[in-house]
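Working through the structure, step by step
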Amino acid sequence: MPPATANIPVIDLAGDEADVARQLVAAAEDHGFIYIKNRGNDIPAAAVDEAFSLSRRIFDTPLEEKQRCSIQTNNRGWTGMHAETLDPKNQRIGDFKEAFNFGEFVDGKAQQPIPSTIAAEEARFAAFADSCRRLCHKILYLLGLGLDVGDFFSSAHFTTPSGSGTILRFLRYPPADADASASASADIRAGAHSDYGSITLLFRLPGQAGLEVLRRDNVWAPVPVSPPGTAADPSPPILVNIGDLLSYWTNGLFRSTVHRVVFPAEGSGAAVEGESSSGPRYSIAFFCHPVGTTRLEPVPSQKVKDYVPAGEAVSANPYAERKVMTADEHLFMRLKESYGTLYDEKKEDGSKS
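Residues numbered from 1 in each chain as written. Predicted model: local features only at pLDDT ≥ 70, side-chain atom pairs only at ≥ 80, totals over all residues. Heavy atoms only, no water.

Turning our attention to the pairing of strand S4 (residues 98-102). Judged by how many residues are buried, S4 sits mostly within the fold: 5 of 5 residues are covered. Because side chains alternate across S4, one face comprises the buried residues Glu 98, Phe 100 and Phe 102, and the other comprises Ala 99 and Asn 101, equally buried. The pairing of S4 with strand S7 (residues 167-173) spans 5 bridges and is antiparallel. When the sheet's bridge partners are listed, Glu 98 is paired in S7 with Arg 172. (Buried < 20%, exposed > 50% of the residue type's maximum accessible area, 1.4 Å probe, protein only. Helix = DSSP H or I, 4+ residues; strand = E, 2+ residues; numbered from the N terminus. Pairing = 2+ DSSP bridges.)

Another aspect to go through is helix H1 (residues 17-30). When the terminal C-alpha atoms of H1 are compared, their 20 Å separation across 14 residues agrees well with the 20 Å that a helix rising 1.5 Å per residue should span. Each element contacted by the buried residues of H1 is listed here: strand S1 (10-11), strand S2 (33-36), helix H4 (122-146), strand S12 (238-242) and helix H6 (302-306). Of the residues flanking the end of H1, it is Gly 32, one or two places downstream, whose phi is positive at about 80°. (Expected span 1.5 Å × (residues − 1). Contact = heavy atoms within 4.5 Å.)

One open sheet accounts for 8 strands, arranged S1-S2-S12-S9-S14-S7-S4-S3; its pairing is mixed. Because the sheet does not close on itself, it has two edges, and the strands there are S1 and strand S3 (77-79). With respect to the sheet, H1 is in contact with S1, S2 and S12, its orientation differing from that of S2 by roughly 145°. Across the sheet, helix H2 (residues 45-59) lies against S4, S7, strand S9 (199-204) and strand S14 (281-288), angled at about 110° from S14, the strand it touches most. (Axes fitted to C-alpha atoms, helices over the stretch in contact; angles between N-to-C directions.)

Turning to the environment of Ala 327, a few remarks are in order. Following the sequence through the fold, Ala 327 ends up in helix H7 (residues 327-338). Classification of Ala 327 by relative accessible area gives buried; the value is 4%. Placed 38 residues apart in sequence, Ala 327 and His 289 show a C-alpha to C-alpha distance of 7.8 Å. Leave out the neighbours within four places in its chain, and Ala 327 touches Leu 245, Pro 290, Val 291, Gly 292, Thr 294 and Leu 296.

This is the structure in structure tokens:
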């Protein structure tokens, strides 16, 4: 039996601006995930390939050097296997992954300790982060255009080079058989969660399985790296998903869709044809955040004002009905859920290192 499909739309940003804006708003409302056709005008395929090459260098770094850059309470640095638990209510063990988080770069320099093995490449990481930021701003502008709120989402809230929770994250997931405790039926690579920021850009490698989204009918559906019709593209489409903050700002109109990364067994009905979890899985995520003091209250859009949630099995955003808070308050709340011990220990954040 073929797997359930996520039916995520593919949108080409090169089209008519007003039409693209309408398409993006519809996708944000109906799915919360969007494929952006990447023709190289925003982030060239070569830049994505280079970023994945740099990613491998991070994770091939000796353990003691990675530990020197361990994650702090500012959400920057390295995390090892099982350190993060994205779905603490349902996971028996932490996520099967390791990650390295870069915070904001200033003048091409990371504002945190980085492994000596990649120090010479610092400017290349910064350049990739800059490309991701520019693409996020373009998408956020178009979403604002589609809601008739102008440049609200892409305004100065997002352009300050520091003071936001924006993160460029490199991830490595081991294969299913790399850890004797890993079981496709019991354990997952990344627990079910929604993203904490405004929007996320996700880069994946062809053939590497695992990402699933929770549809409105409460069914988990795989998200192929290359959706139908894009296999011949020089670079797989960039996957964009709506985060909690856009759901706050639109009062739940935009879906901060729950998703996870699993160990799909071939022939199980959960695996996409041509994709496998037999080897390591690499991905790169750019989490775009506003300045931390930004208030999370509905934008002055008639479409948002008129929105009435349908009676669906899955809430558009489980956080949308909470009190108005700031972006930093929301981020801290979500991080503490995933890294409770780290935050309880009140470690120094390392931002001046």
